[in-house]
Structures are given as C-alpha cells and as structure tokens.
Amino acid sequence: KIIFPRVTEPQGVREYFLRRKINLVLLGAFLSLVLSACGNARAGHQFELGQRLHTQGAYLEAIRNWEIILSSWPKSGYADQSLHRIGTTYYAELDQPDRALDAFSRLVKDYPDSQYAPQDEFLVAEIYRSQRQFAKALAEYYRFLHKFPEDGRAPEVWYNMVTCLFEVGQYAAM
C-alpha cells in the first residue's frame, strides 16, 4: 500500500512537487551515467573484437565491427579510435584511399578534439597529394596548419605545400 504524505497548505504542495522533480532529475542523471558506462564497456568489447579480426587479416570484418561502434555508441570513448582504425585499414591494408579519405575526413569533422585529428587531417592532405589533386591537398595542408600550428609535422606540411605549388605552376624556382 502506497501512502502519500498529506499536504494541505499551498507552500507545502509546491515544496513536495519540487522535491519530486529534483529526485526524478537525479534519478535520470544516475541512470544516464550507468547506461553510458555500460555502453562504453560494450563499445570497448566491440573495439577489441575488431582489433583481433584486424590482427588475423579479416580487415572487412574488423571494419564492420568498428562501424557498429559508430552507429551504436557514437559518443563512446572508442568512436574516434574506431573511425581512425577504419581509415588506416582502408588506406594501408586495403588500398582504398577514397574510403580512407571519407573516414579521416569524418573523424576530423565529428571529433575535432580527438587525439587522432591532427594525424587524420594530415593524411587527408597526403591522400589528395598522392592522387595529384594538388589544389585540394593545399587546402587541407592549410587547414592542418591553421588547426594544429604546434604539431611536429608542420615543417613537412610547409614543404609539401611548396611542392604542391610547384606542381600546379603557382611557384617558380629562383
């Protein structure tokens, strides 16, 4: 049997409902935290499965596992790492630079604060340069320098920009 507290005065009614509202908000926050922790653990398991498949040479299966993380737990601590691994797998193991480009670009856009963002921004420019799309490569190198001016790859980026300018005929040797 549920017994509700008897409240007769208007001030007491407001106080009662305010306390209930606060309790519901706290309960919601607690449940959200618990579910988030469970989701992150499941994402971690999914990521490790992808890593094992990658080690065994089952690259497409590994990519599928990492894509599950992106669709099911896009805010987990494994989402950016999964996207980075998808890109590097397409680039290095499967020789599909266009798909790698999509993954790297998505990481830079969706997870700009990721530890992988500088490397992936650099790789986007490198892929364009290797495809002889020098104008796009220049734009990406410029974006890299603008976003990550203190990165250790900056001297290499400046060199690559000059090389691209030579290739498009916008820079002449003295």
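These lines cover the structure that appears in this document, whether it is placed above or below. Fair warning: this is a prediction, and the values are worked out from it, not measured in the lab.

The rules we used
- Residues numbered from 1 in each chain as written.
- Predicted model: local features only at pLDDT ≥ 70, side-chain atom pairs only at ≥ 80, totals over all residues.
- Heavy atoms only, no water.
- Phe/Tyr/Trp six-rings, centres within 6.5 Å; stacked < 30°, edge-to-face > 60°.
- Helix = DSSP H or I, 4+ residues; strand = E, 2+ residues; numbered from the N terminus.
- Buried < 20%, exposed > 50% of the residue type's maximum accessible area, 1.4 Å probe, protein only.
- Axes fitted to C-alpha atoms, helices over the stretch in contact; angles between N-to-C directions.
- Left-handed = near helix turned anticlockwise from the far one by under 90°.
- Contact = heavy atoms within 4.5 Å.
- Nonpolar A, V, L, I, M, F, W, Y, C, P; charged D, E, K, R; others polar.
- Core = buried A, V, L, I, M, F, W, Y, C linked by side-chain atoms within 4.5 Å.

### Some thoughts on the packing of aromatic side chains
Scanning the entire structure with this criterion turns up six aromatic pairs. Taking the centre distance of 6.0 Å and the plane angle of 35 degrees together, the rings of Phe47 and Trp66 count as tilted. Within this pair, whereas Phe47 is found in helix H1 (residues 10-55), its partner Trp66 is found in helix H2 (residues 59-72), the two being separated by 19 residues in sequence. Accessibility classification places Phe47 together with Trp66 in one group, the buried group. Where Tyr91 meets Phe104, the ring centres are 6.5 Å apart and the plane angle is 70 degrees; that geometry is what we call edge-to-face. Within this pair, whereas Tyr91 is found in helix H3 (residues 79-93), its partner Phe104 is found in helix H4 (residues 97-110), the two being separated by 13 residues in sequence. Note on Phe104: relative accessible area 0%, which makes it buried. Put simply, the rings of Phe122, Tyr141, Phe144 and Phe148 touch in pairs and so form one group of aromatic residues.

### A closer look at the packing of H4 against helix H5 (residues 117-130)
Relative placement of two packed helices is described by the angle separating their axes and the distance separating the axes. Here H4 crosses H5 at 145 degrees, and the two axes come no closer than 9 Å. When you trace H4 past H5, the crossing you get is left-handed. Contacts between H4 and H5 involve Pro97, Ala100, Leu101, Phe104, Ser105, Leu107 and Val108 from the former and Ala117, Asp120, Glu121, Leu123, Val124, Ile127 and Tyr128 from the latter. Residue composition of the contact of H4 with H5, grouped by class: eleven nonpolar, one polar and two charged.

### Some points on the nonpolar core
Among the nonpolar cores identified, the biggest contains 38 residues, and Trp66, Ile86, Tyr141 and Val157 are the most heavily contacted of them. Listed by contribution, the elements that provide at least two residues to this core are H1, H2, H3, H4, H5, helix H6 (134-147) and helix H7 (154-167). The leading source of residues in this core is H5, at seven residues. If near-sequence neighbours (up to four positions away) are discounted, Val157 is found in contact with Phe122, Tyr141, Phe144 and Leu145.

### Focus on the side chain of Asp151
Within the element layout of this structure, Asp151 appears in the loop between H6 and H7. On the basis of relative accessible area, Asp151 is assigned to the buried category, the value being 19%.

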